[in-house]
Amino acid sequence: RGGVPSLLLRPDLDHRVPGVLLLHGYSSSKEVLSNTMGIALALRGIASLSFDLPLHGSRDEDMFQEARSNLLGLLQHWKRALAEAKDAIAWLTSHEVIDPIRIGIVGYSLGSYIGLQTAAAEPRVKCVVVAAGGDLPASQWTSMVRMVTDPLASVRKLSGRPLLILHGVNDRTIPREQAQALFDAASDPKTVKWYHSGHVLPPAAADDAAAWIVKQFR
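Residues numbered from 1 in each chain as written. Predicted model: local features only at pLDDT ≥ 70, side-chain atom pairs only at ≥ 80, totals over all residues. Heavy atoms only, no water.

Student: Just give me the short version of the pairing of strand β7 (residues 190-195), but keep the residues and values in it.
Tutor: Judged from the six bridges that link them, strand β6 (residues 163-168) and β7 form a sheet pairing that is parallel. Directly across from glycine 168, in β7, lies its bridge partner tyrosine 195. Taking the sense of rotation as the criterion, the β-α-β connection linking β6, helix α7 (residues 176-185) and β7 turns out right-handed. (Pairing = 2+ DSSP bridges. Helix = DSSP H or I, 4+ residues; strand = E, 2+ residues; numbered from the N terminus. Right-handed = clockwise from strand over helix to strand, strands pointing away.)

Structure below.
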């Protein structure tokens, strides 16, 4: 992964297995999704790769605070995250234990925006899970942010690749309405599953996502 802190979980099998890129949320790290979603996938015979997004996890760099308050700095780190996600897909497809035609993405919250944008531009991604994500909130900055990342445009570009949305009905960070808007913009096949939770989804969500991914790769 070219120096980017990463975790690869792979089942101990003697044949090639599907691979899924896990993209964590804001202020989180590679371990969080790897220890939940990654384990749920491994138990079902699917490998996963997670890495620390720029300014996260073990990449809490010297310019951390400045980058968070500087719009141009944030833009550069966003582009960096997208480039690294694309590289991660390429790395997965070239790995000797991964089946290159069975690649998926799971993005949680912030990671879901990166995941959707990556999948929209990367046809090797065959299915997408959006956890605690959705459309952008309405604000004076929305039109500007859409120039950098537009979840609705990205989800439309999936062009029939399966989509699963997992969301908490009491989510105050990304309200239910934003998840519904994303779901409505997507084409079939698509599925949405609601949980009686807030922005932190219950442990069952990892199992639900893993079981759904298994079905897509059969």
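That was the structure; now back to the text.
Student: So what's going on with the sheet that holds strand β3 (residues 47-51)? Which residues, and what values?
Tutor: The sheet built from seven strands is open, its strands ordered β1-β3-β2-β4-β5-β6-β7 with mixed pairing. For this open sheet the edge positions go to β1 (6-9) and β7, each flanked by a neighbour on one side alone. Sheet twist, expressed as the average angle between the axes of neighbouring strands with direction ignored, equals 15 degrees. Packing against the sheet, helix α4 (residues 110-121) makes contact with β2 (17-23), β4 (98-108) and β5 (125-131), and its axis sits at approximately 140 degrees to β4. (Axes fitted to C-alpha atoms, helices over the stretch in contact; angles between N-to-C directions. Contact = heavy atoms within 4.5 Å.)

Student: Can you lay out the packing of helix α1 (residues 30-42) against helix α8 (residues 204-216) for me, pointing to particular residues and giving the numbers?
Tutor: Put simply, α1 and α8 touch, their axes get as near as 9 Å, and they point 40 degrees apart. With respect to their mutual orientation, α1 and α8 come out oblique. Of the two elements, α1 crosses α8, and the hand of that crossing is right-handed. Each of Thr36, Met37, Ala40 and Leu41 in α1 lies in contact with α8, whose residues at this interface are Ala206, Asp207, Ala209, Ala210 and Ile213. Per-class residue counts for the contact of α1 with α8 are seven nonpolar, one polar and one charged. (Parallel < 35°, antiparallel > 145°, perpendicular 65-115°, else oblique. Left-handed = near helix turned anticlockwise from the far one by under 90°. Nonpolar A, V, L, I, M, F, W, Y, C, P; charged D, E, K, R; others polar.)

Student: Would you mind going over the pattern of salt bridges in detail, with residue names and values included?
Tutor: All chains considered together, the criterion is met by eight salt bridges. Across the pair glutamate 31 and lysine 30 runs a salt bridge, and its minimum N-O distance is 3.0 Å. The exposure class assigned to glutamate 31 is partly exposed, which follows from its relative accessible area of 31%. Shared partners join several salt bridges into a network, and the residues in it are Lys30, Glu31 and Asp52. (Salt bridge = Lys/Arg side-chain N within 4 Å of Asp/Glu carboxyl O. Buried < 20%, exposed > 50% of the residue type's maximum accessible area, 1.4 Å probe, protein only.)

Student: An account of α8 is needed here, citing residue identities and associated values.
Tutor: With 13 residues, α8 extends 19 Å between its outermost C-alpha atoms, agreeing within 8% with the 18 Å of an ideal straight helix rising 1.5 Å per residue. Residues of α8 that are buried: Ala205, Ala206, Ala209, Ala210, Trp212, Ile213 and Val214. Buried residues in α8 make contact with β2, α1, β4, β5, β6 and β7. (Expected span 1.5 Å × (residues − 1).)

Student: Tell me about a nonpolar patch on the surface, and name the residues and values.
Tutor: A cluster of nonpolar side chains, contributed by Trp141, Met144 and Val145, occupies part of the molecular surface with about 280 Å² of accessible area. Structurally, tryptophan 141 can be placed in the loop between β5 and α5 (142-146). Taking the relative accessible area as the measure of exposure, tryptophan 141 reaches 48% and is therefore partly exposed. (Patch = residues over 30% accessible without salt bridge, like charges linked within 9 Å, V, L, I, M, F, W, Y side chains within 5 Å. Areas by Shrake-Rupley, 256 points an atom, 1.4 Å probe, with all protein chains shown as cover.)

Student: Can you explain the nonpolar core? Please cite residues and give values.
Tutor: Within the largest apolar cluster, 38 residues are counted, with the highest numbers of intra-cluster contacts made by Leu21, Phe51, Ile114, Val128, Val155 and Leu163. Top element by residues in this core is helix α3 (residues 71-94). It accounts for seven residues. What leucine 163 contacts, discounting residues up to four positions off in sequence, is Val128, Val130, Val155, Leu158, Ala186, Pro189, Lys190, Thr191 and Trp212. (Core = buried A, V, L, I, M, F, W, Y, C linked by side-chain atoms within 4.5 Å.)

Student: Account for unusual backbone geometry, with residues named and values stated.
Tutor: Between aspartate 188 and the following residue, proline 189, the backbone shows a cis peptide bond with an omega angle of 0 degrees. By the element assignment, proline 189 lies in the loop between α7 and β7. Backbone geometry places alanine 132, a non-glycine residue, at a positive phi of 55 degrees. Mapped onto the elements, alanine 132 comes out in the loop between β5 and α5. Here serine 159, not a glycine, exhibits a phi torsion of approximately 50 degrees, which is positive. Positionally, serine 159 belongs in the loop between α6 (151-156) and β6.

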